[in-house]
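Below, each chain spelled out in residue letters.
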Amino acid sequence: MTTAIFSHPDCARHEMGDWHPESPARLQAIADQLILSRIDPFLQHREAPLATRDDLARVHGSQMIANVESNIPALDDYYPIDGDTSLNAHSWQAALRAAGAAVAATDAVIKGELENAFCAVRPPGHHARPSESMGFCLFNNIAIAARRALDVHGLKRVAIIDFDVHHGNGTAEAFANEPRVMMVSFFQHPFYPYSGTQGPAGKNDVHVPLPARSDGRVIRTVFREQLLPALHAQQPEMLFISAGFDAHRDDDIGGMSLVESDYAWMTEQLMQVARQYAGGRIVSSLEGGYNLSALGRSVAAHLKALAGLAAE
Ligand SMILES: [Zn+2]
């Protein structure tokens, strides 16, 4: 079986200013490291199509979609969405490619063309709420993909695992009343976007807030004691990963202390769950990760595990 990487040059044309950490250079760092790590030849490369309006509308309201589309600025201009999220002339196209990658990956994995897939895309998605783009995110790529699996392909149970350092508030909101979706995550707390700890989490909603400097030992305990048992209880037919790499110890935005081998370990644990209940089906989509070197190395570790290549 095959592991694919979905991407598109349009994803590198969206940018929010030279100062911004969510930069086009992130995708180049990933591509470079996959070649350096000699993983690239083992991956099938696929071009991300554009998401359709129906794909977006399964998660987002029409006003929110229009707020992105109608505010695309002229070349060399920016339109501010919030204090650290903005649009440039290419953002609409990039956002449709990012969501389209997750949708196409989902279709290909469900059809059995691929065992699993990683979407090397930007803008990221997990902060995007049904009614509002925010936090570097325009549309919620992984939520759109999960909705596709449920509402188009008719899957009955899917799981979303979010290992970004930030809480995936948008994804949690999108599936707050959806019994078919199990969402599990850990995140740094207190930290942006300051959500995930208020109110009773449902039984399909296992969010584990952790202090800054939590390391791989802490994460493995959280996986063994909380996240993996929740997944085994649900027995998902497909797994979706919000793959942020900003919990890496070299990442200056996040304050946690993971290293590449922790990403490999988490990926292998999730693959075991996927093999047990889901025929191995996993779609993973890039969220955060802002230290370019750590990002490249961590994605390489993640993909090496997904592709079943032995650790060096
Ligand atoms: Zn993040």
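The structure this text deals with has already been given above.
A brief look at the structure comes next. Keep in mind the model is a prediction, meaning the values are calculated, not measured. Each residue is numbered by its place in its chain's sequence as written, counting from 1. Confidence filtering applies because this is a predicted model: local features only for residues at pLDDT of at least 70, side-chain atom pairs given and counted only at 80 or more, and all residues used for totals across whole chains, interfaces and linings. Each side-chain value is worked out from all heavy atoms of the structure, with water and hydrogens disregarded.

### Notes on the overall build of the protein
Heads up, the condition is: Strands are runs of DSSP state E lasting at least two residues, helices are runs of H or I lasting at least four, and both sets are numbered from the N terminus onward. The globule rule used for comparison is 2.2 Å times the number of residues to the exponent 0.38, while the radius of gyration itself is calculated over C-alpha atoms. Relative accessibility under 20% of the residue-type maximum defines a buried residue, over 50% an exposed one, and the middle range a partly exposed one, all with a 1.4 Å probe and only protein chains included. In this analysis, two residues are considered to be in contact whenever any of their non-hydrogen atoms come within 4.5 Å of each other. Only the protein chains shown count as cover for residues, and the accessible areas themselves come from Shrake-Rupley with a 1.4 Å probe. Counted as positive: Lys and Arg. Counted as negative: Asp and Glu, with His and the chain ends omitted from the count. Working definition for charges: the position is that of NZ of Lys, CZ of Arg, CG of Asp or CD of Glu.
Along its length, the protein carries nine helices and ten strands. What you see for the protein is a C-alpha radius of gyration of 17 Å, in line with the 20 Å of a compact globule of 312 residues. When each of the 312 residues of the protein is scored for burial, the buried share is 59%. Within the protein, contacts between residues at least 6 apart in sequence are counted, and of these 74% link residues at least 24 apart. When the accessible surface of the protein is summed, it comes to about 12100 Å², and 49% of that surface belongs to carbon and sulfur atoms. Looking at the protein, you have 25 positive and 36 negative side-chain charges, and the mean spots of the two groups are 7 Å apart.

### Observations concerning the sheet that holds strand β2 (residues 44-47)
Rule in force here: In this analysis, strands are considered paired if DSSP registers two or more bridges between them. Throughout, an axis means a line fitted to C-alpha atoms (over the contacting stretch in the case of helices), and angles, computed between N-to-C directions, take values from 0 to 180 degrees.
Overall, parallel pairing links the eight strands, which are arranged β2-β1-β5-β10-β9-β6-β7-β8 in an open sheet. With one partner strand each, in any of the chains shown, β2 and β8 (205-210) form the two edges of the open sheet. In this sheet, adjacent strand axes meet at a mean angle of 15° when their direction is disregarded. Sheet topology note: the strand β6 (residues 158-162)/strand β9 (residues 238-243) ladder contains five bridges and is parallel. Considered in β9, the bridge of I161 is made with I241.

### Notes on the nonpolar core
Under the convention used in this document: Nonpolar cores are built from buried Ala, Val, Leu, Ile, Met, Phe, Trp, Tyr and Cys residues. Side-chain atoms within 4.5 Å join them into one set.
The biggest cluster of nonpolar side chains holds 96 residues, and the ones touching the most others in it are F6, F139, F186 and F240. With 13 residues, helix α4 (residues 91-111) is the largest single contributor of residues to this core. If sequence neighbours within four positions are ignored, F6 has contacts with R46, E47, A101, A104, A105, A108, L114, A117, F118, C119, A120 and V121.

### A short note on unusual backbone geometry
R122 connects to P123 through a cis peptide bond whose omega is 0°. Checked against the element boundaries, P123 lands in the loop between β5 (116-119) and α5 (141-152). Look at the link from Y192 to P193: it is a cis peptide, with omega at 0°. Topologically, P193 is positioned in the loop between β7 (181-188) and β8. With a phi angle near 75°, F136 is a residue other than glycine that sits in the positive phi range. Mapped onto the elements of the fold, F136 is located in the loop between β5 and α5. Residue classification places F136 among the buried positions, given a relative accessible area of 12%.

### Details of α4
Note the threshold: A helix is expected to span 1.5 Å for every residue after the first.
Given a rise of 1.5 Å per residue, 21 residues ought to cover 30 Å, and the 30 Å separating the end C-alpha atoms of α4 matches this to within 8%. Backbone geometry just downstream of α4 places G112 in the positive-phi region, at approximately 90°.

### Some details on the coordination of the zinc ion
Formally: The donor definition counts N, O and S atoms within 2.8 Å of each metal and applies 3.2 Å to Na, K and Ca; water is not among these atoms, so some sites may look incomplete. Any coordination sphere not matching a tetrahedral pattern (four donors, all angles between 85 and 135 degrees) or a square planar or octahedral pattern (four or six donors, opposite donors over 155 degrees apart, other angles between 65 and 115) is reported as irregular.
Bound to the zinc ion on the protein side are D164 (OD), D164 (OD), H166 (ND1) and D246 (OD), at distances that span 2.0 to 2.7 Å. Between the four donor atoms coordinating the zinc ion, the angles at the centre fall across 53 to 152°, so the site counts as irregular.

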